[in-house]
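Inside the fold
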Amino acid sequence: MADELDAFRECWKQELNCQKEEQRLVSAASTSRNIPGQSGHGDLKNRYFEDLKNPKKEQSEACSPSKCYSCTEDERRVGGGGRDAQAESEDQPEYVSIARSLLDGRTSPLLDRIQEERSKRKRQYDNMTNVCRASLQQQPHQRKVKKDKELVEQLIQDLNEVNDIPFFDIELPYELALKIFQYLNCTELGRCAQVSKAWRVLAEDSVLWFRMCVGEGYHQDAGVADSPCWKSTLRDCRNSAKTVRSNWKNRVGSISQLQFELGKVLCDVSSCDSFVLAGYTSGDVRLWDTLHWDSTASYLKANSLSANTNPRPHVTHVQVNSAVAAAAYEDGCVDLWSTETGGEPIHHYQIPGRIRALSLSRDSPVLGSAAGSDVRLDGADDHGYWRTLCQVQIPKTVESLVLVPGREQRRPLAALAAGEAVYLLDPLQEEPRTLHSVYGHPVTCLDASDSHVAFGVKRTGWAMHDGGNKIHIYSIETGKPTVCVGNSPGDFTCINLRDSPLHLLVCGNKDRRVRVFDLRAGSSVASLYAHHLGVTSVQADDWKIVSGGEEGLVCVWEMRMGAKLWEMHNRERLTRTITICLCLYMLAVVFCLGCRHPVRHVHFNTSTLVTANIPDDKSPRGACITDDDLTAHRRHRGVICHYDFSEDASSQDHILPICRSDYTESYGYNYNIGLTVPYDRLSGSHPSH
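The structure displayed is predicted, hence computed values, not measured ones. (Residues numbered from 1 in each chain as written. Predicted model: local features only at pLDDT ≥ 70, side-chain atom pairs only at ≥ 80, totals over all residues. Heavy atoms only, no water.)

Tallied over the full model, the rule gives 18 salt bridges. Glu204 serves as the salt-bridge partner of Arg200, at 3.4 Å between the closest nitrogen and oxygen. We classify Arg200 as partly exposed; its relative accessible area is 47%. Since its relative accessible area comes to 35%, Glu204 is described here as partly exposed. A salt bridge links Asp518 to Arg520, with the nearest nitrogen and oxygen atoms 3.4 Å apart. A single salt-bridge network, built from bridges that share partners, covers Arg200, Glu204 and Lys231. (Salt bridge = Lys/Arg side-chain N within 4 Å of Asp/Glu carboxyl O. Buried < 20%, exposed > 50% of the residue type's maximum accessible area, 1.4 Å probe, protein only.)

If you want it as structure tokens, here you go:
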């Protein structure tokens, strides 16, 4: 571009010089014509133009004899002295030569001068055009060479900058550069780490990988200093999650049965994180920590009032979270223990009447209980002392009570179901707020998340023509209905909104189906034929569904495909081929005897699953379970199973205790496989030996 501008300026300068010279010549000619005393020259000029106007007259005069004679004489004179005339013309002024040429009858010298100027200007224009054309022809090559040169120089400059310091290190501090890098994902950080050594230091900073690890749900309670390399920690967590998911699908892992002493029937089970809490008809409450099986806090003592009563009241409800465990008894007493210390209760109170509902918040120290129409909320203050937050009375008997999760820093809220009405209880308000109430349409199940309350409604009579039973979802903030889903002829028996993925709801029905609904569209995502006697408990995550039925089966489903992965009664994976037939027979007998009770509790997390078969009959007849009759005890007591899918399949722990029993035992089950085929004690029969 600069070369073109210089060429244009040069051409413009030459053209201006030519114009100036032409103007000078024209001005000189005009001054010579306007000199005083040269009137004869003007007459000659007038005569010349008259001759141009009358060419015929000029020709006739030229052709006359006298004229011809004079012409011949002049020609001879001019021919003889031509050189002298030329010399004289050079010495004479310009106007004299013009006058002489006019007298001689030649063409005006002005026309020759003009023609000469025109030819000169034409030559200058041609020269300028040739120069511009040559410059334009050379310009692309020059541009290309210059561009290549600039690219090479820029590349060298960039390489020097990369080898020295990243481009932003001079202007930005390390913390701001780290702030920019935190918006990159794992793949982009890996690419940035390949740029230079300085970028690699930034891309492998522990803060970035720690945030990424926590963002994906791993090590939520950890700090940056807890791991020397969070990049390796994240890689290990991803590999472990992949292995656990494969174990879930392939039914690989260890199983443990949480058993208690003889003569005690299981009444209720609750689990949270690694804790499992169970209550029995004997009034005993036991707590298991699945991470530390040798924990000293396994046995929880009852309050003195219930402990001194003979017979001791049954445990009706139990609840547990990561900090405290609670149990309610038939006499209306409620005990609260610490999961760390166990032993004596840290809080105790009694409500007149039988406790019908008990709820413990999973993320805050708040306990709700309901006996008849009386509802009570208790909570711990900042110093750990428990006190009563509120006590209200509902017009009808409370059947379900759920505490709204996710309110650690705010006041607690409780959702209540009493007959056909659903209430929202706020401790700061005198009366609970009514969310839903339709006469003749009782509420069959209830659950709540941090923003919504969901409950199933049983329709009867003319309302059945409107699509059958429904599930209503209300907003906690506005108290208005947001969506209504479900068109089922059967009653909804269980619903899980708290543990379900975002915008999804999973529920079970008496029509033997498990359904998953999308709350945004109000449509069904999956409908699975699960249990032939009805669904009693259900839970789902982003890819699987676990359901328990009235017949005692636990089924695991894949949500996307709607396919059943496995059932609970085929859970044992036997590795010894010498005892396959006998073990299958014995396990079938054990399953039929011990797991025929309804599955009332199903709870799982990433790698563990806890299920509980709780008997409906708490006082069985026909057999005395207090005696040493193990067959009757297994038939009536109920069972709690804990699955761990994070362990290897080659571990011995994944085999049931009945298959690992020792023939040298002096006591044991009636079905002792070790007494029949004691090959596990032979040397070299197992890889562990």
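Moving on: the pairing of strand E19 (residues 452–457). Side-chain direction in a regular strand flips from residue to residue, so the side chains alternate between the two faces of the sheet. The buried fraction of E19 amounts to 5 of the 6 residues, a majority that puts the element mostly inside the structure. From the end of strand E18 (residues 443–448) to the start of E19, which pair antiparallel, there are 3 residues. Pairing analysis gives 6 bridges linking E19 to strand E20 (residues 469–475), with the strands arranged antiparallel. Directly across from Gly456, in E20, lies its bridge partner Ile471. (Helix = DSSP H or I, 4+ residues; strand = E, 2+ residues; numbered from the N terminus. Pairing = 2+ DSSP bridges.)

The next subject is the packing of aromatic side chains. All chains considered together, the criterion is met by 8 aromatic pairs. Both rings, one in Trp566 and one in Tyr643, keep their centres 6.3 Å apart while their planes meet at 45°; by these two values the pair is tilted. Highlighted residues: Trp566 in strand E29 (residues 563–567) and Tyr643 in strand E32 (residues 639–644), separated in sequence by 77 residues. Like Tyr643, Trp566 is buried. Centre to centre, the rings of Tyr643 and Phe645 are 6.0 Å apart; their planes meet at 10°, and the pair counts as stacked. On the accessibility criterion, Phe645 (2% relative accessible area) is buried. Feature note: the residues Trp248, Trp566, Phe604, Tyr643 and Phe645 constitute an aromatic cluster, connected by ring pairs. In this arrangement the basic side chain of Lys249 is found over the ring face of Trp543, its NZ or CZ atom lying 5.5 Å from the centre. Here the basic side chain of Arg376 rests over the ring of Tyr349, its NZ or CZ set 3.9 Å away from the ring centre. (Phe/Tyr/Trp six-rings, centres within 6.5 Å; stacked < 30°, edge-to-face > 60°. Lys NZ or Arg CZ within 6 Å of the ring centre and 35° of its normal.)

Turning our eyes to something else, we now look at the side chain of Asn509. Tracing the backbone through its elements, the reader meets Asn509 in strand E23 (residues 504–509). Its relative accessible area of 0% is what places Asn509 among the buried residues. Looking at Asn509, its side chain comes within polar contact range of the side chain of Ser488, at 3.0 Å. Not counting residues within four places of it along the chain, the set of residues in contact with Asn509 comprises Ser488, Gly490, Asp491, Phe492, Thr493, Arg515, Gly534 and Val535. (Polar contact = N/O pair within 3.5 Å; in protein donor to acceptor, adjacent residues only side chain to side chain. Contact = heavy atoms within 4.5 Å.)

Taken together, the side chains of Leu172, Leu176 and Ile180 present a nonpolar region at the surface, about 240 Å² in accessible area. For Leu172, the position within the fold is in the loop between helix H7 (109–164) and helix H8 (174–181). Looking at Leu172, the relative accessible area reads 30%, which means it is partly exposed. (Patch = residues over 30% accessible without salt bridge, like charges linked within 9 Å, V, L, I, M, F, W, Y side chains within 5 Å. Areas by Shrake-Rupley, 256 points an atom, 1.4 Å probe, with all protein chains shown as cover.)

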